Amino acid sequence: MLKPSVVKELKKIVGPDNLFTSSEELVVYSYDATQRESLPWAVARPVSTEEVSKVLVLANREHFPVVPRGAGTGMSGGSVPIQGGVVLSFERMNHILEIDEDDLIAVVEPGVVTGDLQREVESRGLFYPPDPASHQFCTMGGNVAECAGGLRAVKYGVTKDYVLGLEVVLPTGEVIRTGARTAKSVAGYDLTKLMVGSEGTLGIVTKIIVKLLPLPESVRTLSAFFSTIENAAVAASSIIANRILPRALELVDQAALRAVESYLKQDISSGAAAMLIVEVDGPIESTARDIGRVEELMTRAGAMRITRAETEVEREQIWKARRAISPALYTIKPKKVNEDIVVPRSKIPDILRAINEIAKRHDLLIVNFGHAGDGNIHTNIMIDEAEAERAAIAVKELFEATLRLGGSISGEHGIGLSKARYLPMELGADALGVMKKIKGTLDPNNILNPGKIFLSAE
Ligand SMILES: Cc1cc2nc3c(=O)[nH]c(=O)nc-3n(C[C@H](O)[C@H](O)[C@H](O)COP(=O)(O)OP(=O)(O)OC[C@H]3O[C@@H](n4cnc5c(N)ncnc54)[C@H](O)[C@@H]3O)c2cc1C
């Protein structure tokens, strides 16, 4: 609990209206998309870098945890205050500070909703490619902290490929600037890359400089349905093997399709076992050619049905099914254990086979969908309470199979709380030791987001 004198100081820093301490208010900031929850002791809503810095100085003096929070859409428990303390919410630091159309950069505060930035730059003929499926509500600060990926990562990469520089408040309160506003910079260690993906454990991001691209002239989308998931996986591999780089290449399995159909009350797949969504972008002539070639490849791979979107409304129809998956899954079982393993894309058929065997061995329903184009499959073990123990064994086996195939236990959701105990399996003791030294150097009192990435006891 916070001492009354500390509450008083916090109120002085952010203003009394921006410090919440009542249980009704605290509960709103106690969970994320993992459904893990833990009440903070207080929530502060700073409006400036200076206020953030003062909170951290106070936290170091008084030794209370500080947990940064964007929109709470994280899939690994990163913003859940498991050790209590003060949640710093960036809802007031939500301004697009600058869009420089000559240098193709934008400067934003951490609380800017990703979709708002995308819409704003697109209205000027520019493009911010990172596109997590949560873009309508997640924030840029959360995206930087998790190195969010998304649907367009297959062609355009992930958040770290767009962040040129940051303003960061270190756990001890100092404010540093990393990177530059330029396309290149090798001045010293790359602290920008160190911060991106650090899950709010090494510093609090208060400004973000991102690079922009010209908006592609046209986009073409199709969906293709297959009688087996193996056929769909092979079809997905054939696209890139034929030198077409789509901007999105999504795979949805049968269980996810059935859940979406019952959720939307709509027949989408006519009984198919898997769906691929393929989207290409670029100049009009090249997208027309590429989508035609993708259609041929899908037919050759045995697609039962192919739907090419000819209008924006038809395109939206295709994506609606993909976006509905997350909520639809809760119609199957009350809980999902969501993992986001990634394997080299050529190994997708192998990992799907391994997942199928794990599901059979433990008599569990595992639903798979995700970014097949970059080998990143969201595996959702759908459970009720009685199945939780079996699910935990299945997760370990899933990670073992992933690592055997040369993959990683998290493609884009981060380690957070949920995967901390499996991190040594992937990194080994030496690399993990280096990471802990970095954390210990920057955060000697372990006040910033404690218990994330590394197990609390470590
Ligand atoms: C339906 C749905 C679909 C999703 N699809 C995708 C997807 O396609 N790709 C993908 O990558 N993710 C996806 N996600 C996961 C999630 O949206 C991303 O991880 C996102 O980046 C989290 O942003 P947030 O603002 O909600 O952050 P939060 O959940 O609030 O926080 C996430 C982490 O960021 C830290 N943090 C927040 N702000 C700051 C800051 N200013 N400085 C330092 N640390 C900070 C927090 O402490 C926490 O560790 C999805 C989630 C949902 C619910």
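Everything that follows concerns the structure shown earlier in this document.
These numbers were taken from a predicted model, which means no experiment stands behind them.

1. Quick look at the site of the ligand
- Lining the immediate environment of the ligand, one finds 36 residues, of which Pro68, Gly70, Thr73, Ser134 and Thr139 sit closest.
- Between the ligand and the protein, one listed contact pairs an oxygen atom with a backbone N or O atom of Gly72 at 2.8 Å.
- At 3.3 Å from an oxygen atom of the ligand is found a main-chain nitrogen or oxygen belonging to Gly142.
- In isolation the ligand offers 980 Å² of accessible surface; the protein chains occlude 95% of this area.

2. Side note on the side chain of Asp131
- Its place among the elements puts Asp131 in the loop between β7 (126-127) and α5 (140-146).
- Accessibility expressed as a relative area gives 9% for Asp131, which makes it buried.
- Asp131 has contacts with Gln118, Gly149, Gly150, Leu151 and Arg152, leaving out every residue within four places of it along the chain.

3. Digging into helix α3 (residues 49-62)
- In this model, α3 (14 residues) spans 20 Å end to end at C-alpha, consistent with the 20 Å of a helix rising 1.5 Å per residue.
- Those residues of α3 that sit buried are Thr49, Glu51, Val52, Ser53, Val55, Leu56, Leu58, Ala59 and Asn60.
- The inward-facing, buried residues of α3 contact α1 (4-14), β3 (66-69), β4 (86-89), β8 (163-169), β9 (175-179) and β10 (204-211).
- Directly beyond the C-terminal end of α3, a positive phi value near 60° is found at His63.

4. Topic: the pairing of strand β14 (residues 274-282)
- Most of β14 is tucked away: 9 of the 9 residues are buried.
- Burial along β14 is two-sided: the residues Ala274, Leu276, Val278, Val280 and Gly282 and Met275, Ile277, Glu279 and Asp281 are all buried.
- Here strand β13 (residues 248-253) runs beside β14; their pairing, made up of 6 bridges, is antiparallel. In the sheet register, Leu251 faces β14, and the bridge partner there is Leu276.

5. Observations concerning the environment of Asn380
- Take Asn380: it is sitting in strand β18 (residues 376-383).
- Apart from the residues lying within four places of it in its own chain, the contact partners of Asn380 are Leu329, Lys336, Val337, Asn338, Leu365, Ile366, Val367 and Phe369.
- Side chain to side chain, Asn380 and Asn338 meet in a polar contact 2.8 Å long.

Cut-offs used in this document
- Residues numbered from 1 in each chain as written.
- Predicted model: local features only at pLDDT ≥ 70, side-chain atom pairs only at ≥ 80, totals over all residues.
- Heavy atoms only, no water.
- Near = heavy atom within 4 Å.
- Polar contact = N/O pair within 3.5 Å; in protein donor to acceptor, adjacent residues only side chain to side chain.
- Areas by Shrake-Rupley, 256 points an atom, 1.4 Å probe, with all protein chains shown as cover.
- Helix = DSSP H or I, 4+ residues; strand = E, 2+ residues; numbered from the N terminus.
- Buried < 20%, exposed > 50% of the residue type's maximum accessible area, 1.4 Å probe, protein only.
- Contact = heavy atoms within 4.5 Å.
- Expected span 1.5 Å × (residues − 1).
- Pairing = 2+ DSSP bridges.

Keep in mind these numbers describe shape, not what the thing actually does.
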